[in-house]
Amino acid sequence: MRQNRKIKFGDVPAGVASTRSEELRHRKRERVGRPVSVEYGSDEGSEAENERIASGERTVDMGKIRLRARQLASVRESLPVYQVKDELLAQIKPSKVCVLIGETGSGKSTQIPQFLMDTSPKGIAVTQPRRVAAINLATRVAEEHGCVLGREVGYSVRFNNVSNKRTKLKYITDGMLLRELMLDPMLSRYSTVIIDEAHERTILTDLLLGFLKDLVFNKRQNDQFQVIIMSATLDADKFSQFFNNAPIFFVEGRMYPVERLYLPQPVEDIVDTVTKTVVQLNQTEPTGDILCFLSGQEDIDKIVDMLAKLAPILPKEAPILVPVPLYAALPSHVQMEVFKKLKPNQRKVILATNIAETSITVPGIRYVVDSGLRKVKVWRHQLGLSTLLIAPISKASAAQRAGRAGREAPGKCYRLYRESDYLKLSDNTEPEILRSDVVSPVLMLKKMGVNDILKWHWLENPGRDSLVAALHQLYSLNALNDRGQITELGQQLVVLPVAPHLAAVLIRASTLGCLGPVIDIVACLSVDNLLMSPPSERRDEVNEQRRETCKLGSIHGDLVMLKELFDLFNSFADIDEKKDWCRQLCLNYKGFKDVERVRRQISEYMKMLKMDEADSETDFDATLVLKAFVSGFITNTAIGMPDRSYRTLATGDLVSIHPSSLLFGQRKPAIMYIEYVYTVKGYARAVSAIDLEWLQEVAPHLLGTREKV
DNA sequence: GAGCACTGC
């Protein structure tokens, strides 16, 4: 750390008032409700317990459940949204579509669906972008409603359906609702669909809104069918306009004021600035934990190290700083550290990525330190690769981060940028669909019978180039015919719970007779952070050990390595043995447990498509398996050049084997890779050695039209 | 000779 120059934040009071009113300015909406101070904790039910109850075990004590519901009634009644129940219902009722803005703590996600339960003729679906949110909400609402989870109130997420045909209110991830929509385009089970957290603008939410527009105004126009869009931010006009000027309602939340403080000058070194700000804040501010938002793991680890070193030598009058990292790649038991209660003379400092903005809510936060940065993955459809960039956040995101300090008491937010920089930020984060690969969305549209995807009523049109690139990809997979219609194969791909390219590999594998091992590999590929990067001092040793362990992988590449690792994982009978082995090779034990789950699911879906892995060859044949993969990743192939570099077959672009690959440093005539990412240069990840002759065999319809694909 | 934010089926 450089010489301890103090970090100065500008004069606050005026700035605070103006910023606050800035963020409130757009609220020229019909206001219902007034701010109320209540505690609204989220009691978490154990998932295992819920499953047991929902599976019909008759040890349920209904008396106890009803008593608990009565106890919760007073909490419910004090929620902002409850106070305006009748007024709100009277306004919502007559509209086929409405937009409801409810701030954090308003109780909209738990209460409004319950209000509608008695009058809704059929089921109510409430979508959530994340699984845990759907599960927690359903658990809470079942408790409030006084029923067993999975009966009148339930949930449906991947791997877990705790609902039945009679379930009236179902919390569901938007991915699962889309899946239901594919099977039943009318969504005939439901009379109300509530899209929650619409402001997050995930791809799946955007798609749902598009399909719902068609349903509510055309297909189920004369039916009793209602759509409610819930958003936490004020950018509701977009939704309203999209649904033919649907009415907008506003419910106030229960948030404490958060003072915003800015720096007078921009800073260069964010790691240094965050560290100094935390130390300074610790000495001057009363009790309360600190949450810092940073762009990624690298900066977080550096700050954690620095604070850990500084903590023992700081003045003893101030609380002792306890730094805690928080990002998705951390094992879950390490993530749980953020919830740990500390001694009274300690102060928790959480160094987090965007994961703390929406996915994980940490209690006890009074101070937020915001770097104003995040990492964002941007898809370049012209090049068929993705890049990971550090970018400034939006105003909406800055407000969300600041809000994390005001959940339990008034708080402060230290923004490590100037107020003038804040004012220059865009209002909202760019919708995900504009910076993503749209192969899968386009296939879904085709499945739903949309002919002209360029002119479809997209909530946000991804743009001609992006859509055309996706159409080409789908055509090259044989998912679309040359008239752009979905093929029999396309119908199969859309069902499988993996990306279309990987789905194509699965189908191909079943005809080649190697479905079993291919499911293993595809399951491994769909789990993040399965192979963890070893700490620098163990790097060479671990790499060597992995090469030793995976003899075939060292020749054929990473896909075959995954198969070898998964087989070995399964060969240990004892859990502790498995864990030891994972530690040795720096593998993620929980990751492999997830692989097993995904594997089971894929296997079930393949059976549904009448493809059975029992038909697989008994001996593992690496060539056969890689041929299956080439059929899905024909555009991700490159030829080895005399100067040791590789050039992509499709465009001739330079590509290098990523150093994390087992094939790194090896020369092969040709390679195929699952992912192509650009950082300092174009890197191929998950690389396999292939034979060029396979291309002719696997995809004769593509060779010769290469420049078009 | 690198370094991956986050989520979903």
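What counts and how
Residues numbered from 1 in each chain as written. Chains lettered and ligands numbered in written order. Predicted model: local features only at pLDDT ≥ 70, side-chain atom pairs only at ≥ 80, totals over all residues. Heavy atoms only, no water. Helix = DSSP H or I, 4+ residues; strand = E, 2+ residues; numbered from the N terminus. Rg over C-alpha atoms; globule rule 2.2 N^0.38 Å. Buried < 20%, exposed > 50% of the residue type's maximum accessible area, 1.4 Å probe, protein only. Contact = heavy atoms within 4.5 Å. Areas by Shrake-Rupley, 256 points an atom, 1.4 Å probe, with all protein chains shown as cover. Lys, Arg positive; Asp, Glu negative; His and termini not counted. Charge placed at Lys NZ, Arg CZ, Asp CG, Glu CD. Near = heavy atom within 4 Å. Polar contact = N/O pair within 3.5 Å; in protein donor to acceptor, adjacent residues only side chain to side chain. Nonpolar A, V, L, I, M, F, W, Y, C, P; charged D, E, K, R; others polar. Salt bridge = Lys/Arg side-chain N within 4 Å of Asp/Glu carboxyl O. Domains from an automatic or database assignment. Buried area = accessible area lost by both parts, 1.4 Å probe. Disulfide = S-S within 2.5 Å. Pairing = 2+ DSSP bridges. Axes fitted to C-alpha atoms, helices over the stretch in contact; angles between N-to-C directions. UniProt positions renumbered as here; feature names shortened; annotations may be inferred. Parallel < 35°, antiparallel > 145°, perpendicular 65-115°, else oblique. Left-handed = near helix turned anticlockwise from the far one by under 90°. pLDDT = per-residue confidence, 0-100.

(A) Inspection of the overall build of chain A at higher detail. Scanning chain A from terminus to terminus reveals 28 helices and 22 strands. Expected size for 709 residues packed as a compact globule is a radius of gyration near 27 Å; at 27 Å, chain A falls within 12% of this value. Taking the principal axes of its C-alpha atoms as reference, chain A extends roughly 70 × 70 × 55 Å. Looking at chain A residue by residue over its 709 residues, the buried ones come to 53%. Taking the contacts inside chain A whose residues are at least 6 apart along the sequence as the reference set, 75% of them involve residues at least 24 apart. Of the roughly 32,600 Å² that chain A leaves accessible, carbon and sulfur atoms contribute 50%. Computing the positive centroid from 95 side-chain charges and the negative centroid from 88, chain A places the two 3 Å apart.

(B) Layout of the protein's contact with DNA strand B. In the region of DNA strand B, 33 residues are neighbours, and Arg131, Arg179, Ala328, Thr679 and Arg685 sit closest. Counted by atom, the contact set of DNA strand B within 4 Å of the protein is 63% sugar and phosphate. One of the backbone nitrogen or oxygen atoms of alanine 328 is found 2.4 Å away from a phosphate oxygen of DNA strand B. Among the residues making up the surface near DNA strand B, the classes are represented as 15 nonpolar, eight polar and 10 charged.

(C) Spotlight on the pattern of salt bridges. Evaluated as defined, the whole model comprises 32 salt bridges. With a shortest N-O distance of 2.9 Å, arginine 401 and glutamate 357 are connected by a salt bridge. On the criterion of sequence distance, the pair formed by arginine 401 in helix H15 (residues 395–403) and glutamate 357 in helix H14 (residues 355–358) is long-range, its members being 44 residues apart. According to the relative accessible area criterion, arginine 401 is buried, its value standing at 0%. Here glutamate 357 falls in the buried class, since its relative accessible area comes to 10%. Salt bridges linked by common partners bring Asp520, Lys563, Asp567, Arg599 and Glu613 together as one network.

(D) Representation of the domain arrangement of chain A within the structure. With domains assigned, chain A is organised as domain 1 (36–251), domain 2 (258–429), domain 3 (437–495) and domain 4 (496–698). Taking only C-alpha atoms into account, the centre of domain 2 sits 36 Å from that of domain 4. For the pair domain 2 and domain 4, the summed buried area comes to about 650 Å², and 52% of that belongs to carbon and sulfur atoms. Counting across the domain 2 and domain 4 interface gives one salt bridge. We note a salt bridge from lysine 377 to glutamate 675, for which the minimum N-O separation is 3.2 Å. On inspection of domain 2 and its partner domain 4, the count reaches three residue pairs in polar contact (both at pLDDT 80 or more). The leading source of residues in the side of domain 2 that touches domain 4 is strand S16 (residues 385–392), at four residues.

(E) Summary view of the state of the cysteines. Counting across every chain of the model gives zero disulfides. Cysteine 413 supplies the cysteine sulfur nearest to cysteine 292, a cysteine that is in no disulfide, at a spacing of 10 Å. Take cysteine 582: it sits in no disulfide, and the sulfur closest to it among the cysteines is that of cysteine 586, at 9.9 Å.

(F) The sheet that holds strand S12 (residues 320–326), seen in detail. The six strands are arranged S10-S17-S14-S11-S13-S12 in an open sheet whose pairing can be described as parallel. Bordering the open sheet on either side are strand S10 (258–262) and S12, each of which pairs with just one other strand. Sheet twist, expressed as the average angle between the axes of neighbouring strands with direction ignored, equals 20°. Sheet topology places strand S11 (residues 289–293) next to strand S13 (residues 346–352); four bridges connect them, and they run parallel. Residue pairing for S13: phenylalanine 293 is matched across the bridge by alanine 352.

(G) Spatial organisation of the UniProt feature "domain: Helicase ATP-binding" (unreviewed entry) in chain A. Mapped onto the present numbering, the UniProt feature "domain: Helicase ATP-binding" (unreviewed entry) falls at residues 89–252. With 38% helix and 25% strand, residues 89–252 has end C-alpha atoms that lie 16 Å from one another.

(H) Region of the structure containing the packing of helix H21 (residues 515–525) against helix H26 (residues 589–608). Packing of H21 against H26 brings their axes to within 9 Å, and their N-to-C directions diverge by 130°. By the angle class used here, H21 and H26 are oblique. The handedness of the crossing between H21 and H26 is right-handed. Between H21 and H26, the residues in contact are Leu515, Gly516, Ile519, Asp520, Val522, Ala523 and Cys524 and Val595, Val598, Arg599, Ile602, Ser603 and Met606, respectively. Residues belonging to the contact of H21 with H26 are distributed by class as follows: nine nonpolar, two polar and two charged.

(I) A look at the confidence of the model for chain A. Per-residue confidence for chain A averages 87 on the pLDDT scale, and 90% of its residues sit at or above 70. For the stretch residues 11–51, pLDDT sits under 50, and the model shows 73 contacts to residues farther than four places along the chain or on other chains.

(J) Summary view of H15. Of all the nine residues making up H15, seven are buried; the element is thus mostly covered by neighbouring parts of the structure. All of the buried residues in H15 are Lys395, Ala396, Ser397, Ala398, Arg401, Ala402 and Gly403.

(K) Inspection of unusual backbone geometry at higher detail. The phi torsion at glutamate 197 lies on the positive side, around 55°, for a residue other than glycine. Along the chain, glutamate 197 turns up in the loop between strand S7 (190–195) and helix H9 (203–219). The residue arginine 201 is not glycine, and still its phi comes out positive at about 55°. Residue placement: arginine 201 occurs in the loop between S7 and H9. On the basis of relative accessibility, which here comes to 7%, the residue arginine 201 falls in the buried class.

(L) Region of the structure containing the packing of helix H20 (residues 500–512) against helix H27 (residues 622–632). Interaxial distance between H20 and H27 falls to 7 Å at its minimum, and their mutual angle equals 140°. The angle between the axes of H20 and H27 places the two elements in the oblique class. Crossing of H20 over H27 shows right-handed handedness. Contact residues: His501, Leu502, Ala504, Val505, Arg508, Ala509 and Leu512 in H20; Leu624, Lys627, Ala628, Phe629, Ser631 and Gly632 in H27. Among the residues forming the contact of H20 with H27, the class breakdown is eight nonpolar, three polar and two charged.

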